[in-house]
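# Examining the three-dimensional arrangement
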Amino acid sequence: MSTRSPLRHAVRIGLLWGTGALFISLVGLIEALQQRQIVTGIVSGGHTILLVLILAAGLSLARPLTAVGAGVRLGAAALAGVIAALPVALWLLLSRVVNFRAMIVGATPELYTILSLGRGPAVLPWLLLGGALLAAVGMALTMLPREAQSLATTGLVTLLIIGLLQEQVQLILQAPWLTRIREALFTFDGLTPLGAVIVVALSAGVSSLWHRQRPRARARLAQWPPARRRWLQVGGFAAAVALILLLPLFVGPFFSQVLVLVGLYTLMGMGLNLEVGFAGLLDIGFVAFWAIGAYTVGLLTSSSPQAIAHLSWWTATLIAAVVSLISGFLFGLPILGIRGDYLAIATLGFGEIIRLLVLSDFLRPWLGGSQGVLGIPKPVLFGFEFRGPEQLFFITIGASAIVAFVAARLRDSRLGRAWMAMREDEDVAQAMGINTVNIKLLAYGIGAVFAGVSGAIFAVMVGSVFPHSFSVLVSINVLALIIVGGMGSLPGVVVGSLALVGLPELLREFSDYRFLVYGAVLMVMMILRPEGLWPAAAQRRELHEEVAAVPEREAVEMLPGSDG
């Protein structure tokens, strides 16, 4: 339990969230989000983010104050809300006498109007009062019964997500038989007030039904004979596969394109997860293998002057996987003795070397230099051409499923346990008889194969390959999605890809703030949930040592074949 007083906690957390609110306002994010109405005529995207930050101040104060009374908690939350609103209030006040615009580009008159609600200094007392009430509401939410917390959280989060992604949701509702639903939920600007109520009520209702019926369903299933339960699992798996395969028919080409990108990063994430999550080998030059796979397919299939063959995409992809495997081995040889931060720097250098070699004049006749390799044909299988994102989605899903299966089998194999032993302590693993040279090379080689297959799909999706597509930022993105999803967790890679690749693609108009959000998300994750969104069981235990005993369910997850 924390030894700090409630007052110190309130001041610290209030200042933290208040400074964050002022920062994202001055960098322009609030002004950009203001263009989007969450609920038409009631609340905009910019105001919603500020409200969420103040609400989070009350929520984050709940954990350190669990041992004090309800009145003290609510009072501390109200104080934290006032302090969280104070930086914005002070900036509004000082803006009357200081020209912040001369020092900060984002301190525009439009931002002043947004933060003051167009009322000038008269809004300041109401701003502080609103901050106190909102943070107290956040604290009150944590004091509700667990089911009520879940209902409120589900309703508000669903409303926020649909409000931010309203354009994409309306695209899905373009079908004639869905027109009435779309018109009831949305206007041209955003959700209607009635639509907002429907969204909150429906999501809360589904959440309530889930919480009430789940224990009964589990108890009923436990009484079924094993054969019947197995058939149910098979049926559920088949239904999930059918739903995934039918997805492009409902979501259209734009969503299919986003899903293909998520799949490509999932493939790379699975590969890097072998190196970083399983074996503990920090690799920041992973994009090099992606480039090798893409260029191999481009050179073997395209009609450009650099083409060296005119193979089918399927044959070229197999060759690209082999070339990536050999590249992984060759890449691993010179860095076998390097560990820790030095390994990260060495791999970063390898990634840059590959990119600069492709750009060099020396290799221009063979790799095309900055003009790249053009004219990569689409894959054809039994006369069916995978010409668009809706068709390429099936290749991406198939490749991701195969890679995930291989990664899961490797994790539960003797090789996987050797990787994890080396990750925990390389010297001890070597003393136990593990050949660390071989397992390091295997980690680099197999990880490179996964990235090479992803590069092969990327090449055919774009139809051309350019060196500028393979910057170090790709490696950082893949590393970030592994951290956010959960290091060493296979489902975590998928969750991380959806969060850090799919969501920014859906919110492209805010792409200027992508890396700002990345940084903020990573900081919040490291403070509040360092194990990731879907962590592996072992990592969850390592980062939460205060758990005295391993629950029975978690013990089951530790068994081979399970993944936290």
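Let me begin by describing the structure that accompanies this report.

Reading the values: the criteria
- Residues numbered from 1 in each chain as written.
- Predicted model: local features only at pLDDT ≥ 70, side-chain atom pairs only at ≥ 80, totals over all residues.
- Heavy atoms only, no water.
- 1 Å grid on protein atoms, 1.4 Å probe; cavity = no way out; pocket = protein on both sides within 12 Å on 5 of 7 lines; lining within 4 Å.
- Points joined across faces, edges and corners; volume = space filled by probe spheres on them.
- Helix = DSSP H or I, 4+ residues; strand = E, 2+ residues; numbered from the N terminus.
- Nonpolar A, V, L, I, M, F, W, Y, C, P; charged D, E, K, R; others polar.
- Buried < 20%, exposed > 50% of the residue type's maximum accessible area, 1.4 Å probe, protein only.
- Contact = heavy atoms within 4.5 Å.
- Core = buried A, V, L, I, M, F, W, Y, C linked by side-chain atoms within 4.5 Å.
- Salt bridge = Lys/Arg side-chain N within 4 Å of Asp/Glu carboxyl O.

### Details of the layout of surface pockets
- Put simply, the second largest pocket is a space of about 890 Å³.
- In terms of lining, the second largest pocket is formed by 21 residues, of which the most central are I244, I397, S400, A401 and V494.
- A per-element tally of the lining of the second largest pocket places helix 11 (residues 226–278) first, with 11 residues.
- Looking at the lining of the second largest pocket residue by residue, the class counts come to 17 nonpolar, 4 polar and no charged.

### A look at unusual backbone geometry
- Positive phi is not limited to glycine here, since L117 has a value of about 60 degrees.
- For F382, which is not glycine, the phi dihedral falls at a positive 50 degrees.
- Within the secondary structure layout, F382 lies in the loop between strand 3 (380–381) and strand 4 (384–385).

### Some points on the side chain of T436
- Topologically, T436 is positioned in helix 19 (residues 436–462).
- On the basis of relative accessibility, which here comes to 5%, the residue T436 falls in the buried class.
- Discounting chain neighbours no more than four positions away, the residues touching T436 are M422, E426 and Q430.

### Let's talk about the nonpolar core
- W91, W419 and F470 are the most contacted members of the largest nonpolar core, which totals 126 residues.
- Those residues within four positions of W91 in sequence are excluded, and the remaining contacts are L22, L26, F100, A107, L111, Y112 and L115.
- Core analysis: the next-biggest nonpolar cluster, separate from the first, contains 12 residues, A10, I13, A62 and A80 among them.

### Quick notes on the pattern of salt bridges
- Within the structure shown, the criterion is met by 9 salt bridges.
- Residue D427 is joined to R339 by a salt bridge in which the shortest nitrogen-to-oxygen separation is 2.9 Å. Of this pair, D427 sits in helix 18 (residues 426–431) while R339 sits in the loop between helix 13 (313–332) and helix 14 (340–359), and the two are 88 residues apart along the sequence.
- A relative accessible area of 44% places D427 in the partly exposed class.
- Across the salt bridge formed by R423 and E424, the nearest N and O atoms sit 3.1 Å from each other.
- The class for R423 is partly exposed, based on a relative accessible area of 30%.
- Each of R339, E426, D427 and K440 takes part in salt bridges that share partners, so that together they form one network.

All we've got here are geometric facts, nothing functional implied.
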